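# Architecture at a glance
Here are the chains, one letter per residue:
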Amino acid sequence: GKLTEVYLPEGATAIPANLFYGCTSIEKVVIPEGVTTIPKEAFCLCSNLKEVVLPESLKSIGVSAFSCCSSLEAVNIPDGVDEGIAVGREYPGRL
């Protein structure tokens, strides 16, 4: 079957850049506490991604980390995330 849900393991502290770039089957991603950065384009072009659960430990979201995720309606960004980093500069108004 296709990968539709991603639960990164507890204890994970980093996510590689472009990890799920273009993976159109993903619908849900859960990132555990301890992860502080979502790198650039980690989930770019995941067109069926609908739900993302971010940890309170998150401090920054890379440019275009969630760009072109056309099914994503809303993301609850934790208070500690630098807003200047959260919104991709190349795609104003989009993560």
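Shown above is the structure to which this text applies.
The number of helices and strands found in the protein is one helix and five strands. Element order for the protein, N to C, with α for helix and β for strand: β-β-β-β-β-α. Burial analysis of the protein (95 residues in total) assigns 41% to the buried set. Total accessible area computed for the protein in this model is approximately 5,200 Å², and 50% of it derives from carbon and sulfur atoms.

Here the focus is the packing of aromatic side chains. Scanning the model with the defined rule gives two aromatic pairs in all. Between the aromatic rings of Phe20 and Phe43, the centroid separation amounts to 5.6 Å while the plane-to-plane angle is 10°, which identifies the pairing as stacked. Note that Phe20 is positioned in the loop between strand S1 (5–7) and strand S2 (28–30) and Phe43 in the loop between strand S3 (37–38) and strand S4 (51–53), a separation of 23 residues in sequence. A residue is classified by how much of its surface remains accessible, and Phe43, at 0% relative accessible area, is buried. A centroid spacing of 5.3 Å and a plane angle of 5° characterise the contact between Phe43 and Phe66, whose relative ring orientation is stacked. Separated by 23 residues along the polypeptide, Phe43 in the loop between S3 and S4 and Phe66 in the loop between strand S5 (60–61) and helix H1 (83–86) bring together distant segments of the chain.

On to the environment of Pro32. With respect to the helices and strands, the residue Pro32 is situated in the loop between S2 and S3. A C-alpha to C-alpha distance of 5.7 Å links Pro32 and Pro55, two positions 23 residues apart in sequence.

To continue, consider unusual backbone geometry. With phi around 55°, Glu41 is a residue other than glycine that occupies positive phi space. Among the structural elements, Glu41 can be located in the loop between S3 and S4. Residues other than glycine seldom take positive phi values, yet Leu45 does so here, at roughly 65°. Note on placement: Leu45 falls in the loop between S3 and S4. Using a relative accessible area of 33% as the deciding quantity, one classes Leu45 as partly exposed.

Turning our eyes to something else, we now look at a negative patch on the surface. Judged by side-chain charge, Glu10, Glu33, Glu56 and Asp79 come together as a negatively charged surface patch. By the secondary structure assignment, Glu10 is in the loop between S1 and S2. The exposure class of Glu10 is exposed, given its relative accessible area of 69%.

Criteria and thresholds
Residues numbered from 1 in each chain as written. Predicted model: local features only at pLDDT ≥ 70, side-chain atom pairs only at ≥ 80, totals over all residues. Heavy atoms only, no water. Helix = DSSP H or I, 4+ residues; strand = E, 2+ residues; numbered from the N terminus. Buried < 20%, exposed > 50% of the residue type's maximum accessible area, 1.4 Å probe, protein only. Areas by Shrake-Rupley, 256 points an atom, 1.4 Å probe, with all protein chains shown as cover. Phe/Tyr/Trp six-rings, centres within 6.5 Å; stacked < 30°, edge-to-face > 60°. Patch = residues over 30% accessible without salt bridge, like charges linked within 9 Å, V, L, I, M, F, W, Y side chains within 5 Å. Salt bridge = Lys/Arg side-chain N within 4 Å of Asp/Glu carboxyl O. Lys, Arg positive; Asp, Glu negative; His and termini not counted. Charge placed at Lys NZ, Arg CZ, Asp CG, Glu CD.

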